[in-house]
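# Fold and contact review
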Amino acid sequence: MWRKLVTQPLLSLSIFLAVMVWLGESLLHYLVFNHGHPFEIIPHDFNEIWMRVVMCVLIIAFGSYAQKQTHKKIAVEREKLRTLKATMHTVEDSVGNALVGMKYILSDALNNQRITEETESNLIQLIDDTISQLREISNLDVVHEKRFSKNTYCLDTTKGDTQGKE
């Protein structure tokens, strides 16, 4: 049970807050509404018990709901990341093979003197940059999206930018 509470911080926080509300109410009644009664953690008035139980149940219920929603959001993010990685590994494999094939064609064209060394060097650099970008995207640990145009989103691959998510 304790392990479950540790893995659910919002539920744990709501239970802690419910206990604090209960104790705070007891302290408030002792200090403000004393009427000659001693400090009571469990009050003698049935209406007071009923009010505290309802408040504590509502606090814990809200914490439980918030925890479930957080777990759902995390599950969706994990599924998004898993899908992105699977897609990117497929793209990296297919496009990477095509780009490596282009390198061989460029090398052959340079050997037959159909292109200059500068052109070949520029194209090889472009191909290598594209391959490294594909690898970078396939190794993302968090999916951040940014708006490309009105209805189009793209991946925000800038490192350390957590503001790009929309």
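Predicted, not measured: the structure shown is a model, and the values here were computed from it. (Residues numbered from 1 in each chain as written. Predicted model: local features only at pLDDT ≥ 70, side-chain atom pairs only at ≥ 80, totals over all residues. Heavy atoms only, no water.)

We now examine the layout of surface pockets. Estimates place the volume of the largest pocket at around 240 Å³. Forming the boundary of the largest pocket are 15 residues, of which H29, F33, H37, E40 and H44 lie nearest the centre. Elements with a minimum of two residues in the lining of the largest pocket: α2 (9-31) and α3 (46-111). No other element matches the three residues that α2 contributes to the lining of the largest pocket. Residue composition of the lining of the largest pocket, grouped by class: five nonpolar, six polar and four charged. (1 Å grid on protein atoms, 1.4 Å probe; cavity = no way out; pocket = protein on both sides within 12 Å on 5 of 7 lines; lining within 4 Å. Points joined across faces, edges and corners; volume = space filled by probe spheres on them. Helix = DSSP H or I, 4+ residues; strand = E, 2+ residues; numbered from the N terminus. Nonpolar A, V, L, I, M, F, W, Y, C, P; charged D, E, K, R; others polar.)

Quick look at the nonpolar core now. Membership of the largest hydrophobic core is limited to seven residues, which are L81, L84, M88, L134, I137, L140 and V143. Of all the elements in the fold, those that place two or more residues in this core are α3 and α4 (117-138). The element best represented in this core is α3, accounting for three residues. The residues touching L134, leaving out its near neighbours within four places in the chain, are M88, V91, E92 and V95. Grouped together as the second largest cluster of nonpolar side chains are five residues, L99, L106, I124 and I127 included. (Core = buried A, V, L, I, M, F, W, Y, C linked by side-chain atoms within 4.5 Å. Buried < 20%, exposed > 50% of the residue type's maximum accessible area, 1.4 Å probe, protein only. Contact = heavy atoms within 4.5 Å.)

To continue, consider the pattern of salt bridges. Applying the stated criterion to the full structure yields four salt bridges. E48 is paired through a salt bridge with R52; the nearest N and O atoms lie 3.2 Å apart. Remark: R52 and E48 occur in helix α3; sequence separation between them is four residues, near one turn of the helix. Both residues of the pair, E48 and R52, count as buried. The partner of K103 in a salt bridge is D128, and the shortest N-O contact between them spans 2.4 Å. Of this pair, K103 sits in helix α3 while D128 sits in helix α4; the two residues are 25 residues apart in sequence, bridging distant segments of the chain. (Salt bridge = Lys/Arg side-chain N within 4 Å of Asp/Glu carboxyl O.)

Here we come to the packing of aromatic side chains. One pass over the structure, following the stated rule, counts one aromatic pair. Judged by centre distance (5.8 Å) and plane angle (90°), the rings of Y30 and F39 are edge-to-face. Overall, F39 belongs to the partly exposed group, its relative accessible area being 39%. The ring centre of W22 lies 5.5 Å from the NZ or CZ of R52, which sits over that ring. (Phe/Tyr/Trp six-rings, centres within 6.5 Å; stacked < 30°, edge-to-face > 60°. Lys NZ or Arg CZ within 6 Å of the ring centre and 35° of its normal.)

Right, let's get into the confidence of the model for the chain. Put simply, the chain has an average pLDDT of 82, and 90% of its residues get 70 or more. Per-residue pLDDT, averaged within each element of the chain, yields its smallest value for helix α1 (residues 2-6) (64) and its largest for α2 (92). (pLDDT = per-residue confidence, 0-100.)

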